[in-house]
Amino acid sequence: MSEASIRNDAGDRFRLWLDDPYHRLKPYPGSPDDLCTCSDEPPIKLMSTLGENPIHCMRCNREVPPERLRLETREVDAVASWQSVQGAIEMLELDSGPYELWARAQLMDPNSPTNRRGLEVSGLLRAHRCYFWFFQPIGIDEDIPGLTNCPVCDRRLVRYDDGIFPQLICEDDWVVTEFRELMPDLDDNEE
Ligand SMILES: [Zn+2]
Ligand SMILES: [Zn+2]
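All values reported here derive from a predicted model rather than from experimental measurement. (Residues numbered from 1 in each chain as written. Chains lettered and ligands numbered in written order. Predicted model: local features only at pLDDT ≥ 70, side-chain atom pairs only at ≥ 80, totals over all residues.)

**Quick look at helix 3 (residues 73-94)**
Inference 1: Its 22 residues give helix 3 an end-to-end C-alpha distance of 31 Å, which sits within 8% of 32 Å, the value for a rise of 1.5 Å per residue.
Inference 2: Along helix 3, the residues that are buried comprise Ala 78, Val 79, Trp 82, Gln 83, Gln 86, Ile 89, Glu 90 and Glu 93. Burial along helix 3 is one-sided: seen end-on, the buried residues are contained in an arc of 145 degrees. Structural note: helix 3 exposes Thr 73, Asp 77, Ser 81 and Ser 84 on the side pointing more than 90 degrees away from its buried face.
Inference 3: Packing partners of the buried residues in helix 3 comprise strand 2 (55-57), helix 4 (100-108) and helix 5 (113-124).
Inference 4: Looking one or two residues past helix 3, Ser 96 carries a phi angle of roughly 55 degrees, positive in sign. (Helix = DSSP H or I, 4+ residues; strand = E, 2+ residues; numbered from the N terminus. Expected span 1.5 Å × (residues − 1). Buried ≥ 20, exposed ≤ 12 C-beta atoms within 10 Å, placed from the backbone. Arc of directions from axis to C-beta. Contact = placed C-beta atoms within 7 Å.)

**A few points about the packing of helix 3 against helix 5**
Inference 1: Remark: helix 3 packs on helix 5, axes separated minimally by 10 Å, with the N-to-C direction vectors making an angle of 150 degrees. As the angle between them shows, helix 3 and helix 5 are arranged roughly antiparallel. In this structure, helix 3 crosses over helix 5, and the sense of that crossing is left-handed. Listed contacts from helix 5 to Glu 75, Ala 78, Val 79, Trp 82, Val 85, Gln 86 and Ile 89 of helix 3 are Thr 114, Arg 117, Gly 118, Val 121 and Leu 124.
Inference 2: Across the contact of helix 3 with helix 5, the residue classes break down as seven nonpolar, three polar and two charged. (Axes fitted to C-alpha atoms, helices over the stretch in contact; angles between N-to-C directions. Parallel < 35°, antiparallel > 145°, perpendicular 65-115°, else oblique. Left-handed = near helix turned anticlockwise from the far one by under 90°. Nonpolar A, V, L, I, M, F, W, Y, C, P; charged D, E, K, R; others polar.)

**Considering the sheet that holds strand 1 (residues 44-46)**
Inference 1: The sheet built from six strands is open, its strands ordered 2-1-3-6-5-4 with mixed pairing. With partners counted over all chains shown, the strands left at the sheet margins are strand 2 and strand 4 (158-160), one partner each. Across the sheet, the mean angle separating the axes of adjacent strands is 40 degrees when strand polarity is ignored.
Inference 2: Across the sheet, helix 5 touches strand 1 and strand 3 (130-133), and the angle it forms with strand 3 is around 165 degrees. (Pairing = 2+ DSSP bridges.)

**Regarding the domain arrangement of the protein**
Inference 1: Assigned domains of the protein: these are domain 1 (1-34) and domain 2 (40-190).
Inference 2: Spacing between the C-alpha centres of domain 1 and domain 2 amounts to 25 Å.
Inference 3: Contacts between the two partners involve five residues from domain 1 and, on the opposite side, five residues from domain 2. (Domains from an automatic or database assignment.)

**Points about unusual backbone geometry**
Inference 1: The backbone phi angle of Glu 41 is positive, close to 50 degrees, even though this residue is not glycine.
Inference 2: By the element assignment, Glu 41 lies in the loop between helix 1 (3-19) and strand 1.
Inference 3: C-beta crowding within 10 Å serves as the criterion here: with 13 such atoms nearby, Glu 41 is assigned to the partly exposed category.
Inference 4: In this model, Trp 174 sits at a positive phi of 60 degrees, which is unusual for a non-glycine residue.
Inference 5: Looking at the secondary structure, you find Trp 174 in the loop between strand 5 (167-170) and strand 6 (175-178).

**Regarding the packing of helix 3 against helix 4**
Inference 1: Packing of helix 3 against helix 4 brings their axes to within 7 Å, and their N-to-C directions diverge by 130 degrees. Taken together, the axes of helix 3 and helix 4 are oblique relative to one another. With respect to the hand of their crossing, helix 3 and helix 4 are arranged in left-handed fashion. In contact with Ile 89, Glu 90, Leu 92 and Glu 93 of helix 3, helix 4 contributes Glu 100, Ala 103, Arg 104, Gln 106 and Leu 107.
Inference 2: Split into classes, the residues belonging to the contact of helix 3 with helix 4 amount to four nonpolar, one polar and four charged.

Structure representation (structure tokens):
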């Protein structure tokens, strides 16, 4: 099956799903706009979103079709198992209910089981130059400055500009995160 026909198929499924008044109670089928079409194999990142596939393109941020990477079954299993747990914890954080603070602490702790596992799983995909996306809470909050140092080794993260938005990476640990404008250094200067 060619990538073009995979995209057309996904488009039909997405439109049918969206037209269905009960769509929120049915599985999200994915949209063709979710899929990376970069042709020169940019690096990838393991980044949980609401869909099943957490493998994303470092450049366009979209999902990389697993067919393109020709993953082995054990790699597919590892990615899917990590995604199910990470996705659940991220949902608890997003839900802003009684579990929010617990979930946020898990996601921000590089030694939490889900982050340790995520680092291992991204390591399994290292042949594809896979980074691990480190969570930062949504929205810029005065109390939560953006990350400046690697959550694993604590060395300064470096800017990665070959993407649709600026990212920060640690080349030793293969960690990537969003570059936030509100940095602690800038904060200090403003006062
Ligand atoms: Zn891409
Ligand atoms: Zn590091």
